[in-house]
Amino acid sequence: MKMAKISLLFRTSFMLLAIFYIAGVQANVSVDITIDQPQHHYAKITISYEKFATEQVNFHLPTWRTGRYQIINLANGIREFSATDSQGNELSWKKSDKDTWQVQGTLNKNVQISYQVYANQLGQRTRHIDDSHAFIDASTVVMYTEVVRDQKHVVNLNVPANWRSVSGLDKGDNSHQFVAENYDVLVDSPIETGVNEHHQFSVEGRDYELVIWGKGNYDSTKMVEDLKMLVQQSKHIWQGYPFKRYVFMVHATSGARGATEHLNSTIIQTSRFKFSERKDYLRFISTAAHEFVHTWNVKQYRPKGLVPYDYQKENYSTLLWLSEGSTSYLQNQLLLRGDLMSSKEFLESLAKRITGYIHKPGRQSQTIAQASFNKWLEEGGDYGNNHSVNIYSEGFLVSWLLDFSIMENTALEKSYRDVHNSLYQNYKLPQGFDEKDLLTILKEVTNESYQAWWQENIHGYTKVDFNALLSKAGLTMSYGEKDKKVAWTGIETKQVTNGLQVTHVEKNSPAWQAGLTLEDIIVAVDALRMADKDLSTRLKNFMPNDRMSVTFFRRDELVTRMIILGEIPKNKLKIVPVENVSNEQKAFFKHWTGITFPNKKANKES
């Protein structure tokens, strides 16, 4: 009896939605999403189209989603596909490839397609349904056809009565209806519906929302206050806003992490207990800043290779480093100017990036332009670190180099921020931009040619003198007063049942030269059993240039190799003010970050 009542409730709700649709918002494409078995991760999708002018129509589910440059198997969760005309007559269809359903007999007919979606991919930020909520990235749920891709889509949600629905999409005639100008807007505007915490606020004539799904140790009042401050800082980069309303979606989860930018919203996932400590909260607010920057960089202007999106295959560009790495760089411009990150925290973050670059042998094997083009087949892990660069981290570095070059060439009149404002003002979608356009902008901003710089740093292997770079802003690198060195092997390990398994060997490091490789299991050092959780304790007994015998299993065979130890600084890298900083250096720092040069005492080494 209870299940019958629930079923009746859903049917009644669906009928009411249909009535609202007929009487209210009219659409060329109507998308009905019914979630009546959330505990099983199911959704029923019904899409209605007006008359087609062709005898055959191909319906596609995208092979990738915006914000993630990787082909993923989205169609693997589609079942029970069917197609009918307005009289309820079944239309013949076949699946022509893994992402395409080909329907016959559509000429001059209103067509309705239906199918079931299995949604249990929380960590991928694609689609997830359970008994408390549904997160819907339409590119992973709603099929499209090129015939009507540019037409209005209206989404009607049929969900449990106690659920709240939020999206960056325009609102329809009821709280569970949303309207998209076209399919591209629909798939770039995710929907969060369920039991959630919801906040609304306005800043400088624009409306914002914060919706949080999941319990955790977050302070939503502080989140709102900091987001209010964050969104005001965009004026330091761009003139104008591309939205009237923006939605911050947050998932407090038991493990899923990551974030994705969308047209006028973002989805941020982090552990439910990773909000209260400062380092964890800084990660959250930094992520929010990153995704907010994307509202301009990518969502308003992006490389021509990604214009328009081709949802059925890879979209190539040598400029993805600008889309992602520059966003990582510009996020700090918002955080610093909004007093959401201290100068000490900023310099600590910069030191980590420099350290990562120093220990990235891949910078000598792949250019940032190549990394951008090959993002679709990016290889991570040991091989990736040794033979590739990353569009985020190395993209940050190139953006930093370019910023300092512009500042220096214009006597602090301009900066990299002016380049991005020019992209926003002059290369808005659907135009797009390419490398030639960027070189034109750089010429306009600086009155200098950047052809040689571009070839050296974008299509060449960037070489950086970090102390010379930092000195411009009155800063320098330091590993402590004595710069003490300690023994170094160049390997990373994880503890396993019978020893330490090698997870990374840095190219050309002492361990690399000795022949150690991935998945070797170290069981002894100098003929003494390895009982520690890593090598650090044993390495304290050695000095740089000492010889260390390492015994390990490879293919279940015992092997012994001799490592001639190298050296690395004992302490972590820090970025600190130089002695006798000049007024010119202070001015450079201020133009770079927007904040006053750091007090040396406040940034004193511990």
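Throughout this description, residue numbers start from 1 for each chain and increase along the sequence as written. Per-residue local features of the predicted model are confined to residues with pLDDT of at least 70, and side-chain atom pairs are confined, for both listing and counting, to 80 or more; whole-chain, interface and lining totals are unaffected and use all residues. With hydrogens and water stripped out, all remaining heavy atoms of the structure feed into the side-chain values.

Some remarks on the sheet that holds strand β13 (residues 170-171)
Reasoning step 1: Reading across from one edge, β4-β7-β2-β1-β11-β14-β13 is the order of the seven strands in this open sheet, with mixed pairing throughout. Of all strands in the sheet, those bounded by a partner on one side alone are β4 (78-85) and β13.
Reasoning step 2: For two strands to be treated as a pair, DSSP must find at least two bridges joining them. For the purposes of this entry, the term helix denotes a DSSP run of H or I that reaches at least four residues, the term strand denotes a run of E that reaches at least two, and both are numbered from the N terminus. As paired strands, strand β1 (residues 29-34) and strand β11 (residues 153-158) are joined by six bridges and run parallel to one another. If you follow T34 over to β11, its bridge partner there is N158.

A look at the environment of D137
Reasoning step 1: Tracing the chain through its elements places D137 in the loop between β10 (133-136) and β11.
Reasoning step 2: In this scheme, a residue with accessible area under 20% of its type's maximum is buried, one over 50% is exposed, and one in between is partly exposed, where area comes from a 1.4 Å probe on protein chains only. Under the relative-accessibility criterion, D137 is labelled buried at 0%.
Reasoning step 3: For this analysis, residues touch if any pair of their heavy atoms sits within 4.5 Å. If near-sequence neighbours (up to four positions away) are discounted, D137 is found in contact with R65, R125, T126, V187, P190 and H262.
Reasoning step 4: Polar contacts here mean pairs of N or O atoms no more than 3.5 Å apart (in protein, one a potential hydrogen donor and the other a potential acceptor; neighbouring residues in sequence count only if both atoms are side-chain atoms). Here the side chain of D137 touches S139 through a polar contact of 2.5 Å, side chain to side chain.

Some thoughts on the packing of helix α9 (residues 393-409) against helix α16 (residues 583-593)
Reasoning step 1: An axis is simply a line fitted to the C-alpha atoms; with a helix, the fit covers only the stretch in contact. Between two such axes, the angle follows the N-to-C directions and lies from 0 to 180 degrees. Running from amino to carboxyl end, α9 crosses α16 at an angle of 125 degrees, the nearest separation of the two axes being 11 Å. Considering their axes alone, α9 and α16 lie oblique with respect to each other. Considering only the axes of α9 and α16, their crossing is right-handed. In this structure, α9 uses W400, D403, F404, M407 and E408 to contact α16, whose residues at the interface are F588, H591 and W592.
Reasoning step 2: Residue composition of the contact of α9 with α16, grouped by class: five nonpolar, one polar and two charged. Should an angle lie under 35 degrees it is considered roughly parallel, over 145 roughly antiparallel, and from 65 to 115 roughly perpendicular; all remaining angles are considered oblique. Each crossing gets its handedness from the near helix: less than a right angle anticlockwise from the far helix is left-handed, clockwise is right-handed. Only Asp, Glu, Lys and Arg are considered charged, only Ala, Val, Leu, Ile, Met, Phe, Trp, Tyr, Cys and Pro nonpolar, and every remaining residue, Gly among them, polar.

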